[in-house]
Amino acid sequence: MTAPLAPAVRNQPPPCIAEPVIEVSDLTKRYGRNIIHENLNFDVRRGEIVSIVGGSGSGKTTLVRQILGLESPTSGTIKVFGEDISKIDPEEAHVMRSRSGMLFQQGALFSSLTVFDNIAQPIRELGKVPAGLLRDIVMLKLEMVGLPCKHASKMPAALSGGMVKRAGIARALALEPELLFLDEPTAGLDPRASDEFVELIATLHRALGLTVVMVTHDLDTMVALSSRVAVIADRKVLVAAPVEEAANVDHPFIKEYFLGLRGRRALQALPPERRAKLPPAALEPASAEVPL
Ligand SMILES: Nc1ncnc2c1ncn2[C@@H]1O[C@H](COP(=O)(O)OP(=O)(O)OP(=O)(O)O)[C@@H](O)[C@H]1O
Ligand SMILES: [Mg+2]
């Protein structure tokens, strides 16, 4: 399944990396006595695809939820599009939210609504939109994500995992956001559906000039898409750099993640000029375990 946009943008350059659109400074987040983030710093520039990686429970989803304003930091500041999100009034916050689309880790779609109504829901929330226009917008979004229109009337349970993710992306793109957040977009997909998903995100990134922030455990997706990877460990972003630079950082989580068997295998997909910058341990054959 290929989005019709793909051939049109294949030879188009990716969007230019421009001004910061997310600036997280000195962020601390606690739940009771549980400290999730401590003096964490993290920036994303317009046009980037930044992957956030880290162990389970390291606070990846919590970081994204704070950037979206769904959770409040304990201390520190978060600026989105240059605005401190703790200082904006509800109306500005509403506009800000419409400039971001989100595919959540759990429940990409409302199970009780058809695919059409799922995608239409953020548009309907804006106010009254004529039925014909709404239909056109929803069908355009479906086409954008490579989902045939015949699926519009189906319930999510009748779709494959890959189709549900596509419909979730169509929903996230309903209000034409500049920033797209994806939390574990390929979790539960088979390798082919994951590859198709990578192509879809790469296509949308180019076609729409999107900035993408993606949380992922999936090394292949991370290597294929990221302009930078932000590694969360020890309650901080340890490094936020192109994958070949991040793999050079001397830290137990980074060694285990990038230089283990699966990491080395995934890093083989990098082009030779980027592979040349990897630490020697990343170039060991990916067929055998090596001591780290
Ligand atoms: N609303 C909440 N109340 C209390 N603790 C929470 C809440 N949300 C998250 N946590 C805790 O914060 C920590 C980080 O959770 P988070 O969901 O951000 O991790 P994650 O890195 O996204 O993990 P995963 O890879 O499993 O999705 C966990 O210990 C979790 O139990
Ligand atoms: Mg999570």
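Given the structure is predicted, the values throughout are model-derived calculations rather than measurements. Sequence order as written defines the numbering, with residues in each chain counted from 1. Starting at A for chains and at 1 for ligands, labels are handed out in the order in which the entities are written. Only residues with pLDDT of 70 or above have their local features reported here, since the model is predicted, and side-chain atom pairs are shown and tallied only from 80 upward, although totals for entire chains, interfaces and linings are computed over all residues.

Colleague: How should I be thinking about the overall build of the protein in this particular structure?
Modeller: Per the secondary structure count, the protein includes 12 helices and 10 strands. We compute the radius of gyration over the C-alpha atoms and compare it with the globule rule, which gives 2.2 Å times the number of residues raised to the power 0.38. In summary, the protein has a C-alpha radius of gyration of 19 Å against a globular reference of 19 Å for 292 residues, a match within 12%. Across its three principal directions, the C-alpha atoms of the protein cover 60 × 45 × 35 Å. Any residue with 12 or fewer other C-beta atoms within 10 Å of its own C-beta is exposed, any with 20 or more is buried, and the rest are partly exposed; the C-beta atoms used are placed from the backbone. In the protein, which comprises 292 residues, the proportion classed as buried is 38%. Long-range pairs, those at least 24 residues apart, make up 68% of the contacts in the protein between residues at least 6 apart in sequence. Each helix is a run of DSSP H or I of at least 4 residues and each strand a run of E of at least 2, with the numbering of both proceeding from the N terminus. Here contacts are defined at the residue level, using C-beta atoms placed from the backbone and a cut-off of 7 Å between them.

Colleague: Would you explain the pairing of strand 1 (residues 20-31) in this entry?
Modeller: Each regular strand carries side chains that alternate between the two faces of the sheet. Here, a strand pair is defined by DSSP locating no fewer than two bridges between the strands. Two elements, strand 1 and strand 2 (residues 34-45), share 8 bridges in a ladder whose sense is antiparallel. Counted as the bridge partner of K29 is H37 from strand 2. Here strand 1 runs beside strand 4 (residues 75-80); their pairing, made up of 5 bridges, is antiparallel. In the strand pairing of strand 4, T28 is matched with S75.

Colleague: Is there a simple way to think about the pairing of strand 10 (residues 236-241) in this case?
Modeller: Bridge analysis of strand 9 (residues 228-233) against strand 10 gives 5 bridges, and the strand direction is antiparallel. The residue bridging V231 from the neighbouring strand is V239, located in strand 10. Linking strand 9 to strand 10, which pair antiparallel, is a turn of 2 residues; within it D234 sits at a positive phi near 55°.

Colleague: Looking at this structure, how should I read the site of ligand 1?
Modeller: Y31, I36, G54, S56, G57, S58, G59, K60, T61, T62 and Q105 make up every residue found near ligand 1. In terms of residue count, the dominant contributor to the shell around ligand 1 is helix 2 (residues 60-67) (3 residues). Considered class by class, the residues forming the shell around ligand 1 number 2 nonpolar, 8 polar and 1 charged. Throughout this description, a residue near a molecule or strand is one whose C-beta atom, derived from the backbone, lies within 6 Å of it. Amino acid classes used here: Ala, Val, Leu, Ile, Met, Phe, Trp, Tyr, Cys and Pro are nonpolar; Asp, Glu, Lys and Arg are charged; the rest, including Gly, are polar.

Colleague: Looking at this model, I keep getting lost on the nonpolar core. Mind explaining?
Modeller: Soluble globular proteins: nonpolar side chains tend toward being buried together. Within the largest apolar cluster, 73 residues are counted, with the highest numbers of intra-cluster contacts made by A170 and A230. Among the elements that line this core, the one with the most residues is helix 6 (residues 161-172), at 6 residues. Domain limits in this description derive from either an automatic procedure or a database domain assignment. Counting contributing residues per domain, this core is built from domain 1 (5-81 + 178-283) and domain 2 (100-176), each supplying no fewer than three. Excluding its chain neighbours within four sequence positions, the residues that come into contact with A230 are F42, V50, S51, I52, V237 and A240. A set of buried Ala, Val, Leu, Ile, Met, Phe, Trp, Tyr and Cys residues, joined through C-beta atoms within 7 Å, is what we mean by a nonpolar core.

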